[in-house]
Amino acid sequence: MNRRHFVKRSGMGIASLSLPFRFTNCKSQLSEKRHIVTLSFDDGIKESSVKTAEIYEKYGLSACINVIATAHIKNFEMPNEYHKWPVGDFGLWNELQQRGHEIMPHGYRHANLRKMPFEKAKDLIMRCLDVFSGKLKGFEPQRSVFNFPYNASSPELEEWLPSQVRAFRTSGKAINPLPNEYTIKLTCSSFGPGNIDQDLKSKVDELLSAPSGWLIYNTHGLDDEGWGPLRSDFLDNLLKELTDLESVAVLPAGKALQLI
Ligand SMILES: [Zn+2]
């Protein structure tokens, strides 16, 4: 298939709704995959998260949704206007996880951890992991991916955090090497505050023209929700095209690390 035309609708039929089958299938064939695409959805906006999960399910895929530990609590202080939409709570996160999606931590209260003293940043990360351990079924910090709010890490935090989690996501190049057992630092790019469709398309094109790689692209809400939204029909078409490409695996970050 011509890479330039990956977003054109293919003649692919109705995708399987069987999540476990697709995952099993994916695992057995992962060694044949040269490109991994992870759209890493932050902030846990309720309506967008539900819609994102439904679109992924159309293709038997697992979405990667990163949520703030306390954003659903009544007195949550919004960090900026891009958090004004209602967010999901752990009832929803457990339900989406049960349906095969990946729910990962995105901070205790969406603070910029780079801009605070190391001890305070560490404390917020530990509190975040404690909330997840208490409220998200089966959550194990050592298997989790911590997604830095604002993708803002510091050298000190990057050195300490692997003692607590499997990996972390921060700012950097969008295209990572394919994961291996030593992969700890995941880097991503993002775009906003306006619509991200074309920027995302250019990053996917870049990935597909490379011999191999793992694109980690930090997304937020759908349509008109959140910072840097993605059109839901664009996401739908993109997943349709990507699942039709033999070299590509569309995976959440934690799953990509587990399957290596
Ligand atoms: Zn965020």
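Conventions adopted
Residues numbered from 1 in each chain as written. Predicted model: local features only at pLDDT ≥ 70, side-chain atom pairs only at ≥ 80, totals over all residues. Heavy atoms only, no water. Axes fitted to C-alpha atoms, helices over the stretch in contact; angles between N-to-C directions. Helix = DSSP H or I, 4+ residues; strand = E, 2+ residues; numbered from the N terminus. Parallel < 35°, antiparallel > 145°, perpendicular 65-115°, else oblique. Contact = heavy atoms within 4.5 Å. Nonpolar A, V, L, I, M, F, W, Y, C, P; charged D, E, K, R; others polar. Salt bridge = Lys/Arg side-chain N within 4 Å of Asp/Glu carboxyl O. Buried < 20%, exposed > 50% of the residue type's maximum accessible area, 1.4 Å probe, protein only. pLDDT = per-residue confidence, 0-100. Polar contact = N/O pair within 3.5 Å; in protein donor to acceptor, adjacent residues only side chain to side chain. 1 Å grid on protein atoms, 1.4 Å probe; cavity = no way out; pocket = protein on both sides within 12 Å on 5 of 7 lines; lining within 4 Å. Points joined across faces, edges and corners; volume = space filled by probe spheres on them. Phe/Tyr/Trp six-rings, centres within 6.5 Å; stacked < 30°, edge-to-face > 60°. Pairing = 2+ DSSP bridges.

Draft legend 1. Molecular detail of the packing of helix H2 (residues 46–58) against helix H3 (residues 90–98). At their nearest, the axes of H2 and H3 sit 11 Å apart, and the two run at 10 degrees to each other. The angle between H2 and H3 falls in the class roughly parallel. Residues Lys46, Ser49, Val50 and Ala53 of H2 lie in contact with H3, whose contacting residues are Leu92, Trp93 and Leu96. Across the contact of H2 with H3, the residue classes tally to 5 nonpolar, 1 polar and 1 charged.

Draft legend 2. Structural context of the pattern of salt bridges. Per the stated rule, a full pass over the model turns up 12 salt bridges. Between Arg99 and Glu95 there is a salt bridge, and its shortest N-O distance comes to 2.7 Å. Overall, the relative accessible area of 26% leaves Arg99 in the partly exposed class. For Glu95, a relative accessible area of 40% translates into the label partly exposed. For Lys185, the salt bridge identified is with Glu158, shortest N-O distance 3.0 Å. With a gap of 27 residues between them, Lys185 in strand S7 (residues 185–188) and Glu158 in helix H5 (residues 155–160) connect regions that are remote in the sequence. The structure contains a network of salt bridges with shared partners spanning Glu57, Glu95 and Arg99.

Draft legend 3. Looking closely at the confidence of the model for the protein chain. Per-residue confidence for the protein chain averages 90 on the pLDDT scale, and 88% of its residues sit at or above 70. Scored below 50 in pLDDT, residues 1–28 shows 53 contacts in the model against residues more than four places distant or in partner chains.

Draft legend 4. Region of the structure containing the side chain of Thr183. Position of Thr183 relative to the elements: it lies in the loop between strand S6 (175–176) and S7. Among the polar contacts listed, one links the side chain of Thr183 to the backbone nitrogen of Asn180, at a separation of 2.8 Å. Not counting residues up to four positions away in its chain, the partners in contact with Thr183 are Arg166, Ala167, Trp214 and Leu257.

Draft legend 5. Quick peek at empty space enclosed by the protein. Across all of its chains, the model carries 4 cavities of 30 Å³ or more by this definition. Each pocket or cavity is described by its volume, and for the largest cavity that value is around 60 Å³. In this structure, the largest cavity is lined by Phe41, Asp42, Gly44, Ile45, Ser48, Ser49, Thr52, Ile65, His220 and Gly221. For the lining of the largest cavity, the secondary structure elements donating two or more residues are strand S1 (35–42) and H2. Classifying every residue of the lining of the largest cavity gives 3 nonpolar, 6 polar and 1 charged.

Draft legend 6. Focus on the packing of aromatic side chains. Counting across every chain of the model gives 6 aromatic pairs. An angle of 85 degrees between the planes, with centres 5.3 Å apart, marks the rings of Phe90 and Phe132 as edge-to-face. Here Phe90 is found in helix H3, whereas its partner Phe132 is found in helix H4 (residues 118–135), with 42 residues between them in sequence. By relative accessible area, Phe90 is classed as buried at 6%. Residue classification places Phe132 among the buried positions, given a relative accessible area of 0%.

Draft legend 7. Representation of the sheet that holds S7. One open sheet holds the 3 strands; their spatial order is S4-S5-S7, and the pairing between them is parallel. Of all strands in the sheet, those bounded by a partner on one side alone are strand S4 (145–147) and S7. Across the sheet, the mean angle separating the axes of adjacent strands is 30 degrees when strand polarity is ignored. Summarising the sheet, S4 and strand S5 (residues 167–171) pair through 3 bridges and their orientation is parallel. Following the sheet pairing, Asn147 is matched in S5 by Arg169.

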